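# Tertiary structure, described
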Amino acid sequence: MALVSGLLGAALRMDAEREGGVRQSSGRRGAKREEETERGRLSNQEDLAVPRCRAMTQPRACQEQEDGLREVTLSTQRLRVLPPGVLSNPALESLDLDRNKLRSITGISKLFNLKKLILSKNEIVDFPNEIQSLVCLEKLELNQNQIRVIPEGVFSHLPRLKHLRLNNNRLSALPRDLAACRGSLQYLNISNNLFRTFPQPVLQLAHLQELHVQNNALRQLPKELFQQQSLKMFKANGNPLREPPSEVCAGGIQQIRNYFNQLQHSSGQEDKRVKAMFLGASLAGKSTICKSLKQGQTKLVPKEERTVGIEISEFHIEDFTFLFWDFAGQLEYYMTHHVFITPQALVILVINLHMYQTNDKTFKELVGFWINNLSMRVPNSVVLPVGTHVDCCRQEEVEKKRHDIMAKIAAMLAERRSILAHFIDNLEGSDEPEFYMDQWERLKEMESCTLTILNLVAVNCTDHRDIKKLEATILEHVKNEELFPEVIRVLPPVYRQVEAAIVDIAQSEEMADHGMMDLQYLLSKLSQCEHLANLGRELLQDILRYLHRIGLVVWYEEIKHLESTVFLQPTFLITMFKLLVRYRLVQQLESISVDTLIGERATIRDRSNWVWTFKSKAMLCHQAVRALVKHQLCSEGMRDIFEEIMGHRPHRGRGKLFSLLEHFELCLEVRHAKALNPQASEFVPGKPWETTQGQGESWYLFPTYLNQTEEVSEVWGGDHPEDLHIRAYFSPEIPEGFFQRFLVKACSFYSTHWVAKATCLLICNGKPLLIKENNQRAYSYLELRCRKPAGRTGFQFAWDFLIAVVFIVQKLAEEWPGLHVCVKTPCRTAGCPAELIWPDMDGTSAMTKEDVKTCGTCGHRFGAELLLPKVPKQLEEPPAQPSAHYYVTSYGTTTFGPSSIHVNRQNISSE
């Protein structure tokens, strides 16, 4: 239980505050009539208002006084006016009216002792002037409404205000008198509004500690803001910033201060830079176009030289610098694409028109797959379709295929908009829409984000004129500020100087092909340049962060084993990924030379075992990985960096490669332990437990290559009708590679597990939980099942376990901004198609207060604890848990703890 609670807490901490789109009114009747009706109803029930509030706030341990309540919570009560019973309580200090239907708060001025007022997620359009009477107010939240203007004269009466949330409204300015809160205001959130210029009153808030301005239309930030030493947190992502650029802001407050300090010494320089990502199916012609554009002439790339992984190059058109990223088209390499596919880039989608046929199957393979994944991964991208091999097609054929491709893309985007609108209508039309506000806002935000698809350009890659035509088209689009508002960045001269010096070092003869360099050594090399003699480590780190974010260099300071290594040639990083995430990896294993085997103290028999284990379980032992990596590095003439990549100790070393693969969740280390470890530390409750080095050799699981499912099915023992059963639905689909990354995340939390291509069985405290992937068009979901518990404690544990896994799914899904995930529980009646949508999860309150749920389709009634996270009120507890069991999975992972699971030949069954 402690393990699940700990994981749930960790997941909740990870589940950072997410702020969605602007709240739209869903009211269907006139506001005046609604208010009169509501007032009449409440007047007749005035005596019931305060007791109702008391009952709702008891779980929160509210303090009571003889003259009334100090704290009242009326969240999600569908209120349209304030209850008279609440307004008659002048002692009230905290009032939570979150998620109602309020358009005004008439009478709130009577609560002159109010310190905390929550009005978020209502339908307020006009800022409530009565708030100025709440002179004791310290916390005010009006986020997720429809406020356009805040009048002057309100904040000048709120001298104690410390916390103010105005995000997700339609504000474009703040009143001047906000400066009256200069001595008190510490937190301000104005994100997701319509600000085009930075609001000047904020600069006078001398005690401001936290400021959120994300997702507005700001192009410039004032340097005065960062001269205040009180500011501790600042977030500005989602703005088309030029000064300072978004890549600088992402480095934090200190980097922004350093940026402005550098601008004081010299004027800023404009940097026009574009990242262009070439995507498309294998052999579409991406490399040919990329190299032809770079060289200014046709450059055909033969089939045997096609891209393996990702290739990067830089070239210039006029005063624009283009950084070309050429992505391999084979599906095996797509697992690494999520590391490098970033927003604010021009996506050039290359389509082989000779191979393209005007049918749905070919469209999906050559076009739809990429459009779908871009819609999920970078939904605001600009996509330029480029048709190749036109020399192999007739002119009328080219036009027919061009029209077909553009029409089908438009239909895809229209279908996406229709599906999102359907989801939104469903939530708005539900009986309790206030319980789905977070999901509603997320959908509205997704609705506002859509790919921009430019007109398809058809080119003959053997014709120099077509290459120049494509170049002119690209240049025309990147000059369009509506499409690329962040293409121009203002930088201090030292940023450009360091960049130029790094390029010179990377291209120098003394630089090894791999381009890896120690951070301190790089600093010493740069300091040898006359104009960089005073370059400090902190400033260099700032510039490296910037260059990393624009894709010129790679520096993973957040990875422990790589924090002191800078990759001056990002292509070598791709080379490292290609060593183990590549096309035809089995053939690479089989081709390991005898000399390499001998060098790693292995035999031909060992090699055969490695191949068999990899084919059957997608696992490689450390020795096999070393031999495989050495073999491939030798074939590429880079044998000298083997130890640095793999570590210096043959079986225990941890080099750069596995740090990268595990950081990006491409593999999972599992320990092959055949017996108990006699060297393990003694476990003492309440004291930290120091882990010891396992006795067995490390093995590495690569989920991408999993195929068999029989073992997981055998261990699980089949689905039971009584299982607790939920589904996480994905729209438009489960992204390629999502389930494999989920396996790595989940199995790193739960050390006992069985995995297969589309299934995973997790064990926590002896309890099994099955996850199955179903990825069909319009029917994509992850299914989660666990056995029905017998008692209250069992239900608490089971739902904690399920919710913890759901949080892992949701946290991972955040990396796909255009992906919608909705959790539902199927009706427990066999054959009934009905499903119960889960309300918003905040991790702090029960999802339902009802004890019984009735299916609206089949009419059957079920205990709420069978459908939603809830502990039943009265259930007999099962007998005491049996003594701890010890068992070993197919990977040799061991688990201890009280268990109600019998393990016999890796089969699990509930008692």
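What counts as what
The numbers attached to residues start from 1 for each chain and follow its sequence in the written order. Only residues with pLDDT of 70 or above have their local features reported here, since the model is predicted, and side-chain atom pairs are shown and tallied only from 80 upward, although totals for entire chains, interfaces and linings are computed over all residues. Working from all heavy atoms in the structure, the side-chain values ignore hydrogens and water. Only DSSP runs of H or I reaching four residues or more are called helices, and only runs of E reaching two or more are called strands; each is numbered from the N terminus. Here the expected span of a helix is defined as 1.5 Å times the quantity of residues minus one. Throughout, exposure labels follow a simple rule: accessible area from a 1.4 Å probe, protein chains only, divided by the maximum for the residue type, with under 20% read as buried, over 50% as exposed, and the rest as partly exposed. N or O atoms within 3.5 Å of each other form a polar contact, as long as, within protein, one can give a hydrogen and the other can take it, and as long as residues adjacent in sequence are counted only when both atoms are side-chain atoms. Patches here are clusters of residues that have more than 30% relative accessible area and form no salt bridge, with a 9 Å joining cutoff for like charges and a 5 Å cutoff for nonpolar side chains (Val, Leu, Ile, Met, Phe, Trp, Tyr). Only the protein chains shown count as covering a residue, and every accessible area follows the Shrake-Rupley method with a 1.4 Å probe. Here, a salt bridge means any side-chain nitrogen of Lys or Arg that lies within 4 Å of a carboxyl oxygen of Asp or Glu. Two strands are said to pair when DSSP picks up at least two bridges between them. Axis lines are fitted to C-alpha atoms, over the contacting stretch for helices. Their N-to-C directions set the angle, which ranges from 0 to 180 degrees. To qualify as a nonpolar core, a set must consist of buried Ala, Val, Leu, Ile, Met, Phe, Trp, Tyr and Cys residues joined through side-chain atoms within 4.5 Å.

Let us now look at helix α12 (residues 464-478). Here α12 contains 15 residues, and its C-alpha end-to-end distance of 22 Å stays within 8% of the 21 Å for a straight helix at 1.5 Å per residue. Here α12 has its buried residues at Asp466, Ile467, Leu470, Glu471, Thr473, Ile474, Leu475, His477 and Val478. For α12, the side-chain oxygen to backbone nitrogen distance between the N-cap and Arg465 is 2.9 Å, and the N-cap itself is Asp463.

Here the focus is a nonpolar patch on the surface. Residues Val594, Ile598 and Ile604 make up a contiguous nonpolar surface patch of about 270 Å² in total accessible area. With respect to the helices and strands, Ile598 occurs in helix α18 (residues 594-599).

Now for the pattern of salt bridges. Enumeration over the complete set of coordinates arrives at 48 salt bridges. Across the pair Glu399 and Arg402 runs a salt bridge whose closest N-O atoms are separated by 2.9 Å. Here Arg402 and Glu399 lie together in helix α10 (residues 395-428), a separation of 3 residues that amounts to about one turn. One salt bridge in this structure joins Arg465 and Asp463, with 3.1 Å as the shortest N-O distance. Asp463 gets classed as buried once you look at its relative accessible area, which sits at 18%. When salt bridges that share partners are traced, they join Asp719, Asp723, Arg727, Lys772, Glu783, Arg785, Arg787 and Glu835 into one network.

A few words on the sheet that holds strand β10 (residues 233-235). Judged by pairing direction, the sheet is parallel, and its 8 strands sit side by side in the order β3-β4-β5-β6-β7-β8-β9-β10 without closing on themselves. Either end of the sheet is taken by a strand with one partner, and the two such strands are β3 (71-73) and β10. Taking the axes of each pair of neighbouring strands and ignoring which way they run, one obtains an average angle of 5° across the sheet.

Bringing the nonpolar core into the picture now. The tendency in soluble globular proteins is for nonpolar side chains to be buried as a group. Ranked by size, the top nonpolar core spans 195 residues in total, and within it Leu117 and Phe234 carry the most contacts. A total of 15 residues in this core trace back to one element, the largest contributor, which is helix α25 (residues 792-813). Val274, Phe324, Val382 and Val478 belong to the second-largest nonpolar core, a separate cluster that totals 30 residues.

With that out of the way, let us pick up the pairing of strand β26 (residues 759-764). Across a regular strand the side chains alternate sides, sitting on one face of the sheet and then on the other. β26 sits mainly inside the fold: 6 of its 6 residues count as buried. Burial along β26 is two-sided: the face carrying Thr759, Leu761 and Ile763 and the face carrying Cys760, Leu762 and Cys764 are both buried. Judged from the 4 bridges that link them, strand β25 (residues 752-755) and β26 form a sheet pairing that is antiparallel. The residue bridging Val755 from the neighbouring strand is Cys760, located in β26. Remark: 3 residues form the turn of the hairpin made by β25 and β26, two consecutive strands paired antiparallel. Strand direction decides the pairing type here: β26 and strand β27 (residues 767-776), joined by 6 bridges, are antiparallel. Following the sheet pairing, Ile763 is matched in β27 by Pro768. Connecting β26 to the next strand, β27, in antiparallel fashion are 2 residues, including Asn765 with a positive phi near 55°.

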